[in-house]
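The primary structure of each chain is shown beneath.
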Amino acid sequence: MRALPLRTGVRWKIALAIAAVGALIAVTLSVVVHNAARISMLDNAREVQMERLLFAQRLYETSKPKEPRFGAKLNDPALPDQLDQLMRDQRRGTYVQEHRHGGPPDVWAAVPLANGDVLSLHLPFADRSATIMKDLDRALVIGSVSVVFGGCALGILIGGQLSRRLRKAAAAAGRVAQGNGDVRVRDAVGGVVRDETDDLAWAIDALTDALHERIEAERRVTADIAHELRTPVTGLLTAAELLPPGRPTELVRDRAQAMRTLVEDVLEVARLDGASERAELQEIALGEFVDRRVRSVYPDAEVRVVHESWVSTDPRRLERILGNLLANAAKHGKGPVEVTVEGRVVRVRDHGPGFPEALLREGPSRFRTGTSDRAGQGHGLGLTIAAGQARVLGARLTFRNVASEASPEGVGGAVAVLWLPDHAPTNTGSFPILRPAE
């Protein structure tokens, strides 16, 4: 089984990274401060213990009879081995003795006497010092937790700002991908301080400009070629009319007419790409209009008007869209072809193998006919022209397949849906083509 990728935001990654680093630094500093404070307090306790023992030594040597005072002991059998070794070397010293069962350690101090005896003093580590260490540990824990939470909050703040800029860049790039060439990713990102996000935005804008220039150059070349072919193709049709009747003449006329249709379609696509087309609006009854036009173009189609409505649109362009959708269904699909009008929505459905996956994913594209099952012939211009005319009308044209368990491929036909706007379009392409979500 393929494991699903774990998706996390930049904000949380930065927050976790800062929190982890803060926690590591806080723990390290806490351990260092704790050990340094403990060592310093123990050293101070050893010095104090030695001063007490030296004072007790003076009292012992000057008093009569000689008796240890202030808790000092003479030749204490519990003297640690480390101090015992120092006494043999006639050296005084201190020692901190830890207990296995825990609790405060004992602080020892011992000095050798002139007669060979050893005077020693040991006391537990002061309760006050232990209390100070507990208070210090508590302060270190509170400080460490505060550092971790503060670092996490700072990471969320910094990561959130970066994440917002990246999301704005992604949204702007998505609008560019939908065909909105006026969007600039750098302007969408905004911000005062320049960082890598701005570099990414500049790169995307530069790439977009280069692609638009290339597409525009290709469009101009295609339009120029089509214009240059228009005159000779017209002459070829005129010459074909002068040929004597016969089967060869019919073939020549058919091929010349097909070439003329192709040239006209290419010119129409070029005009639509140039965003120079404008709709000539009229108020029409959509259901009646669709029923009349469909029956004149494709009499075998089933037309059903669920809900009649009046719309402001360009009848000529709407007729062009319907004609191309019906021609596509007749050529690449199977009957029956059903046309449904419901309010401002027109649906054209066939019962063929469905649209190719590339068309559903990327939309119609010129000179791409899809799979041989659905588009063995043609140039892929019919749906491209329909989509372009829909943009001129401010409408949306979507494509999807109908699921069917009876079909081996699981597809029960193709559906093209034209959504006419509630209001008249104000400019060309005001509503982009929407594609079904995957």
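Conventions used here
Residues numbered from 1 in each chain as written. Predicted model: local features only at pLDDT ≥ 70, side-chain atom pairs only at ≥ 80, totals over all residues. Heavy atoms only, no water. UniProt positions renumbered as here; feature names shortened; annotations may be inferred. Salt bridge = Lys/Arg side-chain N within 4 Å of Asp/Glu carboxyl O. Helix = DSSP H or I, 4+ residues; strand = E, 2+ residues; numbered from the N terminus. Buried < 20%, exposed > 50% of the residue type's maximum accessible area, 1.4 Å probe, protein only. Patch = residues over 30% accessible without salt bridge, like charges linked within 9 Å, V, L, I, M, F, W, Y side chains within 5 Å. Areas by Shrake-Rupley, 256 points an atom, 1.4 Å probe, with all protein chains shown as cover. Pairing = 2+ DSSP bridges. Contact = heavy atoms within 4.5 Å. Axes fitted to C-alpha atoms, helices over the stretch in contact; angles between N-to-C directions. Phe/Tyr/Trp six-rings, centres within 6.5 Å; stacked < 30°, edge-to-face > 60°. Lys NZ or Arg CZ within 6 Å of the ring centre and 35° of its normal. Parallel < 35°, antiparallel > 145°, perpendicular 65-115°, else oblique. Left-handed = near helix turned anticlockwise from the far one by under 90°. Nonpolar A, V, L, I, M, F, W, Y, C, P; charged D, E, K, R; others polar. 1 Å grid on protein atoms, 1.4 Å probe; cavity = no way out; pocket = protein on both sides within 12 Å on 5 of 7 lines; lining within 4 Å. Points joined across faces, edges and corners; volume = space filled by probe spheres on them.

As recorded in an unreviewed UniProt entry, the protein goes by the name histidine kinase, listed as coming from Streptomyces omiyaensis. In the Subcellular location (unreviewed entry) part of its UniProt record, the protein is described as follows: "Cell membrane".

> Help me out: how do you make sense of the pattern of salt bridges in this one?
Where charged atoms from two side chains of opposite charge come close, those side chains can pair. The tally for this structure, following the rule as stated, stands at eight salt bridges. Residue R293 pairs with E319 through a salt bridge whose shortest N-O separation is 3.2 Å. Note that R293 is positioned in helix α7 (residues 286-297) and E319 in helix α8 (residues 315-332), a separation of 26 residues in sequence. Assessed through its relative accessible area of 32%, E319 is described here as partly exposed. Between R347 and E342 there is a salt bridge, with the nearest N and O atoms lying 3.6 Å from each other. For R347, a relative accessible area of 26% translates into the label partly exposed. According to the relative accessible area criterion, E342 is partly exposed, its value standing at 40%.

> Looking at this structure, I do not really get a nonpolar patch on the surface. What am I missing?
A contiguous nonpolar surface patch, about 190 Å² in accessible area, is contributed by V10, L166 and L200. Turning to its location among the elements, L200 is positioned in helix α5 (residues 196-241). For L200, a relative accessible area of 39% translates into the label partly exposed.

> What's the story with unusual backbone geometry in this structure? I'm lost.
For residues besides glycine, phi is generally negative; the peptide bonds are generally trans as well. The backbone of N75 sits at a positive phi, close to 55°, despite the residue not being glycine. Here N75 lies in the loop between β1 (73-74) and α2 (81-88). Relative accessible area serves as the criterion here: at 40%, N75 is assigned to the partly exposed category. Despite not being glycine, Q90 has its phi angle at roughly 60°, a positive value. Note on placement: Q90 falls in the loop between α2 and β2 (93-97).

> Explain the sheet that holds β1 here, please?
Strand pairing within a sheet occurs via backbone hydrogen bonds; the two strands may be parallel or antiparallel. The sheet built from four strands is open, its strands ordered β1-β4-β3-β2 with antiparallel pairing. Edge positions in the sheet fall to β1 and β2, since each has one partner strand and no second. Of the pairings in the sheet, the one linking β2 to strand β3 (residues 106-112) comprises five bridges and is antiparallel in character. Residue pairing in the sheet places T94 in a bridge with A109 of β3. On top of the sheet, α2 reaches β2, β3 and β4 (118-124); it is set at about 170° to β2, its chief contact.

> Even after reading the chapter, I still don't get the environment of L326, so can you show me in this structure?
In this fold, L326 is placed in helix α8. Sequence-wise, L326 and A416 are 90 residues apart; in three dimensions their C-alpha atoms are separated by 9.8 Å. Apart from residues lying up to four places away in sequence, L326 is in contact with V294, Y298, V337, V339 and V348.

> Help me out: how do you make sense of the packing of aromatic side chains in this one?
Centre-to-centre distance and the angle between the planes together describe a pair of aromatic rings. This structure, assessed with the given rule, holds one aromatic pair. Centre to centre, the rings of F355 and F399 are 5.3 Å apart; their planes meet at 80°, and the pair counts as edge-to-face. Taken together, the residues span a long stretch of sequence, with F355 in the loop between β9 (345-349) and α9 (357-362) and F399 in strand β10 (residues 396-403) at a distance of 44 residues. The burial state of F355 is the same as that of F399; both residues are buried. R396 extends its terminal NZ or CZ atom over the ring of W419, reaching a point 5.0 Å from the ring centre.

> For this particular structure, what's the right way to read the packing of α8 against helix α10 (residues 381-392)?
When two helices pack together, their arrangement is given by the angle between the helix axes and by the axis-to-axis distance. Orientation of α8 relative to α10, taken along the N-to-C sense of each, is 155°, at an axis distance of 9 Å. Taken together, the axes of α8 and α10 are roughly antiparallel relative to one another. Between α8 and α10 lies a crossing whose hand is left-handed. Packed against α8, whose contacting residues are R317, R320, I321, N324, L325 and N328, the element α10 presents G382, L383, I385, A386, Q389, A390 and V392 at the interface. Classifying every residue of the contact of α8 with α10 gives seven nonpolar, four polar and two charged.

> It is not clear to me how empty space enclosed by the protein should be interpreted in this structure. Could you clarify?
Rolling a probe over the atoms, with the probe sized like a water molecule, indicates the empty space that remains. Inspection of the entire model under this criterion finds two cavities of 30 Å³ or more. The volume enclosed by the largest cavity comes to roughly 50 Å³. L325, V348, D350, F355 and A416 are the residues nearest the centre of the largest cavity, which is lined by ten residues in total. Those elements that provide at least two residues to the lining of the largest cavity are α8 and β11 (411-419).

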